[in-house]
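Examination of the molecular architecture
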Amino acid sequence: MKRNQSEPPQELVNALTVDVEDYFQVEAFADVVRREDWPHWESRIERNTHLILDLLARYAVHGTFFILGWIAEHHPHLVREIAAAGHEVASHGYEHRLIYRQRPDQFRSDVQRARKILEDLIGARVEGYRAPSYSITRESLWALDILIEEGFSYDSSIFPVHHDRYGIPKAKRFLHTISRPAGEILEFPPSTLRLLGINFPIAGGGYFRLLPYWLFRWGLSYINRHEQQPVVFFVHPWELDPAQPMIPGKRFNVWRHRLHLGRTEDRLKQLLAHFRFAPVRQLMRLAVGPSCVRQATI
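Basis of the calculations
- Residues numbered from 1 in each chain as written.
- Predicted model: local features only at pLDDT ≥ 70, side-chain atom pairs only at ≥ 80, totals over all residues.
- Heavy atoms only, no water.
- Helix = DSSP H or I, 4+ residues; strand = E, 2+ residues; numbered from the N terminus.
- Rg over C-alpha atoms; globule rule 2.2 N^0.38 Å.
- Buried < 20%, exposed > 50% of the residue type's maximum accessible area, 1.4 Å probe, protein only.
- Contact = heavy atoms within 4.5 Å.
- Areas by Shrake-Rupley, 256 points an atom, 1.4 Å probe, with all protein chains shown as cover.
- Lys, Arg positive; Asp, Glu negative; His and termini not counted.
- Charge placed at Lys NZ, Arg CZ, Asp CG, Glu CD.
- Phe/Tyr/Trp six-rings, centres within 6.5 Å; stacked < 30°, edge-to-face > 60°.
- Lys NZ or Arg CZ within 6 Å of the ring centre and 35° of its normal.
- Salt bridge = Lys/Arg side-chain N within 4 Å of Asp/Glu carboxyl O.
- Pairing = 2+ DSSP bridges.
- pLDDT = per-residue confidence, 0-100.
- Core = buried A, V, L, I, M, F, W, Y, C linked by side-chain atoms within 4.5 Å.

Considerations on the overall build of the chain
- When helices and strands are tallied, the chain shows 10 helices and 12 strands.
- Against the globule reference of 19 Å for 298 residues, the chain gives a C-alpha radius of gyration of 18 Å, in line with a compact fold.
- By its C-alpha atoms, the chain is 50 × 45 × 40 Å across when sized along the principal axes.
- The buried share of the chain, taken over its 298 residues, is 57%.
- Across the chain, every contact between residues at least 6 apart in sequence was considered, and the portion connecting residues at least 24 apart equals 76%.
- Within the structure as shown, the chain displays about 13,000 Å² of accessible surface, and the carbon and sulfur contribution to it stands at 53%.
- Measuring between centres, the 38 positive side-chain charges of the chain sit 6 Å from its 34 negative side-chain charges.

The following block contains the structure:
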């Protein structure tokens, strides 16, 4: 499909990422939806993921799908479809538990379980990881050592913002190598816009649904053109599904989860027309050598 001719195409290639989890698996409802009850909820993951796959095919875009191990185990053909369409398969863990509420041995087991399921399904190595709810924080940096020991090439979990559930506000905003006692790992942070000394989230999710589209587009263009950096954008399949069942939870959590779900699909179409995207692994291949990647020790 042709891009919008009213604006020159962006020179930089950005990372398009999808966190593959169902609507009842989000952290906002963890206190009302027990994991042992997940099989009893109506699953809409296939319908919603196919919507995204169809959109990406229409715009000839490939991305990275961070897939929950539980989803892969219960919908194995969906994982194979994602890989067969040329997208990168990466790990979102198995049970979608906040890392800072786990012990290191529990986290390692979760990571190993999810990765084995994914690699057995696609017959290829899984290189990337994204924590549930971006829950690698100052209190759980030990998780990076485990990812390094388990052989992951990159992580995309450290959100450099203030948030009630995640974030390391002073973390580096762009692609960098993190040095840890266990070794090194590339970090691809979700994108932020720095204004007045504060990092504002502009990576996708609820921010994509809340902000006026022109403002979101301007922010991504600013990062590309003025900071000369790629954007890391994310979306969840359930965000394209305003008809999903209502989950009874805390009023604020329900509001935040369901806010403007009807906007996502059309806005995603605009985004795919206005910007260039590729899987994270493609950006990682371009980011080789000390001149391309900043160093950080945390």
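So, the packing of aromatic side chains
- Here the structure, examined in full by the defined rule, presents 22 aromatic pairs.
- Pairing Tyr-134 with Phe-159 gives two aromatic rings, centres 5.2 Å apart and planes at 65°, and the pair type is edge-to-face. Here Tyr-134 is found in the loop between strand S4 (128–129) and helix H5 (142–149), whereas its partner Phe-159 is found in the loop between strand S5 (154–155) and strand S6 (176–180), with 25 residues between them in sequence. Here the two residues Tyr-134 and Phe-159 agree in accessibility, since each one is buried.
- Over the aromatic face of Tyr-94 sits the side chain of Arg-113, whose NZ or CZ is 3.7 Å from the ring centroid.

Section: the pattern of salt bridges
- Counted under the stated rule, the structure contains 21 salt bridges.
- Across the pair Glu-265 and Lys-269 runs a salt bridge, and its minimum N-O distance is 4.0 Å. One end of the pair is Glu-265 and the other is Lys-269, both in helix H9 (residues 264–274) and four residues apart, which spans about a single turn.
- What makes Glu-265 partly exposed here is its relative accessible area of 26%.

Some points on the pairing of strand S3 (residues 88–91)
- Here S3 shows a buried face lined by Glu-88 and Ala-90 and a second buried face lined by Val-89 and Ser-91.
- Two strands pair when backbone bridges link them, and strand S2 (residues 64–67) and S3 are joined in this way by four bridges, in the parallel orientation. Along S3, the bridge assignment pairs Phe-66 with Ala-90.

Here's the deal with the confidence of the model for the chain
- Model confidence for the chain is summarised by a mean pLDDT of 92, while 92% of its residues fall at 70 or above.
- Low pLDDT (under 50) marks residues 1–10, which in the prediction has 19 contacts with non-local residues, meaning those over four places away or in another chain.

What to know about unusual backbone geometry
- Located in the positive-phi region is Tyr-134, a residue other than glycine, with phi close to 50°.
- The buried category is assigned to Tyr-134, whose relative accessible area is 5%.

A closer look at the nonpolar core
- Counting residues in each nonpolar core, the largest one holds 73 residues, and the members touching the most others are Phe-65, Ile-67, Ile-136, Leu-147, Phe-233 and Leu-271.
- Here this core gets six residues from one element, more than from any other, and that element is helix H4 (residues 104–122).
- Excluding anything up to four places from it in sequence, Leu-147 contacts Phe-107, Val-111, Tyr-129, Ile-136, Phe-152, Asp-155 and Ile-185.

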